[in-house]
Number of protein chains: 2
Amino acid sequence: MITLTEENYIKAIYHLSKHGKEMVSTNALAEAMSTKASSATDMVKKLAEKNYVDYKKYQGAILTESGSTIAINVIRKHRLWEVFLVDKLHFSWDEVHELAEQLEHIKSQKLIDKLDAFLGHPTHDPHGDPIPDKHGDFTFIDKITLAQAQINATYKCVGVNDSSSEFLQYLNNNKIELGTKIEVLHKEAFDSSIKIKVNELEMVVSNSVAQNLYIQKT
Amino acid sequence: MITLTEENYIKAIYHLSKHGKEMVSTNALAEAMSTKASSATDMVKKLAEKNYVDYKKYQGAILTESGSTIAINVIRKHRLWEVFLVDKLHFSWDEVHELAEQLEHIKSQKLIDKLDAFLGHPTHDPHGDPIPDKHGDFTFIDKITLAQAQINATYKCVGVNDSSSEFLQYLNNNKIELGTKIEVLHKEAFDSSIKIKVNELEMVVSNSVAQNLYIQKT
DNA sequence: ATAAATTTTTAGATTAGTCTAAAAATTTAT
DNA sequence: ATAAATTTTTAGACTAATCTAAAAATTTAT
Ligand SMILES: [Mn+2]
Ligand SMILES: [Mn+2]
Ligand SMILES: [Mn+2]
Ligand SMILES: [Mn+2]
């Protein structure tokens, strides 16, 4: 039996290792889990004991095949629940992450299969993140950040890198959502801010906003 | 902050005390929670500390106003989730209880309000149990057990006392569900078994079945 | 190549929830 | 009314997850 806390650590390791390829330091893990390094070390030892990670003292941890499967399943549940909350219960995209953090731990394969079908087998969550299918396969879409955009080209918004409610509410206030058309007008050399045209309106976004907004050529 | 375990104990106390009116012994509580009396005693002390129950040594515990509010809210969530699982995800009524045991602990008032609206403000769950509204008020329906039925009268099934999957599957096998018409033909004096007519078919049910099936005059 | 700074691990405590075994209180039976 | 049986509480121990403080290993700077 796997505990809720173990699932959360495994998910954090997955994200920090960029889809399970790099070793994750206990310090980075502690930071991500808002806990102390000593706690992360203890947990990593336990996860190694249970064969969810390979762990070498002072080198960090990396998910095993079985750990990776668990991580992907938790992520699948998280994102499906987010779709449910937005599409069916009409929550706004900035409200669902914390709720999905709770719902992702509900244990029932049948529930998640039925939820998936009820939602029409969605491939992406409300933030544009891909939803792994029941075999754990993702459909990645070809995207860049607004910071990497070409001047005078036209794009549409396809996702966010930061899905904190602060950032999402900033986008709400500026009427930017998934699918919104963005024309790139100018890039300021001094601070890397970018002038764009959205919904017939010109505006300037900071580099930090541009780094967190994913776009795709139309 | 209330823990998941505390919520489960509070809910058990609520049910054992018949809607919060009688004192509950630590032994009965331990039995209901599938744990030991010593654990129940410890928990009851903690709940008393937090003012969710009044507890007198050797006498048992009874919910306070605030404990009762928590119990009713957990029950509301449990039953709304059961409706969701049956009505929207097409689970069978014998599969949903265990899942609802997990879902009832998701913390978000807004979620439960929206779920309630999404389901059309249902008043009863898939087992015929009343769903408290957001103020904690139940709409009790007037029901008796099949064991209390009059001979030669006609009733409809409106609920179950035992919602274990074993009992519900017995009902499934005999095509008895909420709303099913039941004609009472004969009561056997020897073992209190009852001969009924359901779906044009005569059958005999044991007293233990009759005690667990709620019916209402048509 | 040492020394200093940083990262990581270990040691020892703490809290929630559980258990077993034993003591205390209450209830039931004679 | 006393003894026996039952119920309930207490004492002490265990596991999971966390923390602080200190020790050990690694990395960076001189
Ligand atoms: Mn999320
Ligand atoms: Mn998301
Ligand atoms: Mn139930
Ligand atoms: Mn029910």
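The rules behind each value
- Residues numbered from 1 in each chain as written.
- Chains lettered and ligands numbered in written order.
- Predicted model: local features only at pLDDT ≥ 70, side-chain atom pairs only at ≥ 80, totals over all residues.
- Heavy atoms only, no water.
- Helix = DSSP H or I, 4+ residues; strand = E, 2+ residues; numbered from the N terminus.
- Buried < 20%, exposed > 50% of the residue type's maximum accessible area, 1.4 Å probe, protein only.
- Contact = heavy atoms within 4.5 Å.
- Areas by Shrake-Rupley, 256 points an atom, 1.4 Å probe, with all protein chains shown as cover.
- Lys, Arg positive; Asp, Glu negative; His and termini not counted.
- Charge placed at Lys NZ, Arg CZ, Asp CG, Glu CD.
- Least-squares fit on C-alpha atoms with pLDDT ≥ 70 in both.
- Donors = N, O, S within 2.8 Å, 3.2 Å for Na, K, Ca; no water.
- Salt bridge = Lys/Arg side-chain N within 4 Å of Asp/Glu carboxyl O.
- Near = heavy atom within 4 Å.
- Polar contact = N/O pair within 3.5 Å; in protein donor to acceptor, adjacent residues only side chain to side chain.
- Nonpolar A, V, L, I, M, F, W, Y, C, P; charged D, E, K, R; others polar.
- Phe/Tyr/Trp six-rings, centres within 6.5 Å; stacked < 30°, edge-to-face > 60°.

When helices and strands are tallied, chain A shows eight helices and eight strands. The buried share of chain A, reckoned over its 218 residues, is 46%. Within chain A, counting contacts between residues at least 6 apart in sequence, those at least 24 apart form 63% of the total. Total accessible area on chain A stands at roughly 11200 Å², and carbon and sulfur atoms take up 48% of it. Of the charged side chains in chain A, 25 are positive and 30 negative; the average position of the first set lies 4 Å away from that of the second.

What follows covers the environment of L201 of chain B. Residues and elements named next belong to chain B. Secondary-structure assignment places L201 in strand β7 (residues 201-205). For L201, a relative accessible area of 58% gives the class exposed. Here the alpha-carbon distance between L201 and N174, two residues 27 residues apart in the chain, equals 9.6 Å.

Next up on the list: the relation of the copies chain A and chain B. Between the two copies of the chain lies a relationship made up of a rotation around an axis and a movement along it. The two copies are related by a screw motion: chain A maps onto chain B through a turn of 180 degrees and a shift of 0.0 Å along the axis, at an RMSD of 0.0 Å. Here the transformation between the copies is reduced to the relation of a two-fold axis. Considering only C-alpha atoms, the residue of chain A closest to the rotation axis is L103 of chain A, which sits at 3.9 Å. By residue overlap, the copies meet face to face through one surface: 100% of the interface positions of chain A are interface positions in chain B.

Let us now look at the coordination of the manganese ion (ligand 2). Residue and element names in this part refer to chain A. Distances from the manganese ion (ligand 2) to its protein donors, namely E82 (OE), D125 (OD) and H127 (ND1), fall within the range 2.1 to 2.3 Å. Ordering the donors of the manganese ion (ligand 2) by residue number gives the pattern E-x42-D-x1-H. Separating the manganese ion (ligand 2) from the manganese ion (ligand 1) is a gap of 3.3 Å, which E82 spans by donating to each of them. Taken as a pair, E82 in helix α4 (residues 65-88) and D125 in the loop between α6 (109-118) and β3 (144-145) lie far apart in primary sequence, 43 residues in all. D125 shares its class with E82; the two are buried.

We now examine the pattern of salt bridges. Under the counting rule described, the total for this entry stands at 18 salt bridges over all chains. Among the ionic pairs, E7 of chain A bridges to K107 of chain A, the shortest N-O distance being 3.5 Å. Of this pair, E7 of chain A sits in helix α1 (residues 4-16) while K107 of chain A sits in the loop between α5 (96-103) and α6, and the two are 100 residues apart along the sequence. K11 of chain B is paired through a salt bridge with E101 of chain B; the nearest N and O atoms lie 3.0 Å apart. Remark: E101 of chain B occurs in helix α5 (residues 96-103) and K11 of chain B occurs in helix α1 (residues 4-16); sequence separation between them is 90 residues. The exposure class assigned to E101 of chain B is partly exposed, which follows from its relative accessible area of 23%.

Here we come to the coordination of the manganese ion (ligand 3). Residues and elements named next belong to chain B. Surrounding the manganese ion (ligand 3) are the protein donor atoms H78 (NE2), E82 (OE) and H97 (ND1), which sit 2.0 to 2.1 Å from the metal. Spacing between the donor residues of the manganese ion (ligand 3) along their common chain follows H-x3-E-x14-H. The distance between the manganese ion (ligand 3) and the manganese ion (ligand 4) is 3.3 Å, with E82 acting as a donor to both metals. Separated by four residues within a single helix, H78 and E82 lie in helix α4 (residues 65-88), roughly one turn from each other. The exposure class of E82 is buried, given its relative accessible area of 1%.

Inspection of the region around DNA strand C gives 21 residues, with K45 and Y55 of chain A together with T3, T35 and K46 of chain B positioned closest. The sugar-phosphate share of atoms of DNA strand C within 4 Å of the protein amounts to 79%. Between DNA strand C and the protein, one listed contact pairs a phosphate oxygen with a side-chain N or O atom of S39 of chain B at 2.9 Å. Broken down by secondary-structure element, the contributors of at least two residues to the surface near DNA strand C are α2 (26-32) and α3 (37-49) of chain A together with α1 and α3 (37-49) of chain B. Sorting elements by how many residues they give to the surface near DNA strand C places α3 of chain B first, with five residues. Looking at the surface near DNA strand C, its residues break down into six nonpolar, 10 polar and five charged.

On to the side chain of T180 of chain B. All names here are of chain B. Note on placement: T180 falls in the loop between α7 (165-173) and β5 (181-187). Within the local environment of T180, its side chain forms a polar contact with the backbone nitrogen of E177, the two atoms lying 2.8 Å apart. Residues contacting T180, with those up to four places away along its chain left out, are Y155, K156, C157, K175, V198 and N199.

In this section: unusual backbone geometry. One non-glycine residue, E200 of chain A, lies in the positive phi region at around 70 degrees. Note that E200 of chain A resides in the loop between β6 (194-198) and β7 (201-205). Of note, K175 of chain B is a non-glycine position whose phi angle comes to about 55 degrees, a positive value. Among the structural elements, K175 of chain B can be located in the loop between α7 and β5.

This next bit is on the packing of aromatic side chains. One pass over the structure, following the stated rule, counts 11 aromatic pairs over all chains. A centroid spacing of 5.1 Å and a plane angle of 55 degrees characterise the contact between F84 of chain A and F84 of chain B, whose relative ring orientation is tilted. Note that F84 of chain A is positioned in helix α4 and F84 of chain B in helix α4, a pairing that runs across two chains. A centroid spacing of 6.2 Å and a plane angle of 80 degrees characterise the contact between F84 of chain A and F118 of chain B, whose relative ring orientation is edge-to-face. Separated into two different chains, F84 of chain A in helix α4 and F118 of chain B in helix α6 (residues 109-118) make up a pair that spans both. In this structure an aromatic cluster arises from ring pairing among W81, F84 and F118 of chain A together with W81, F84 and F118 of chain B.

None of the figures reported here should be taken as evidence of function without further support.
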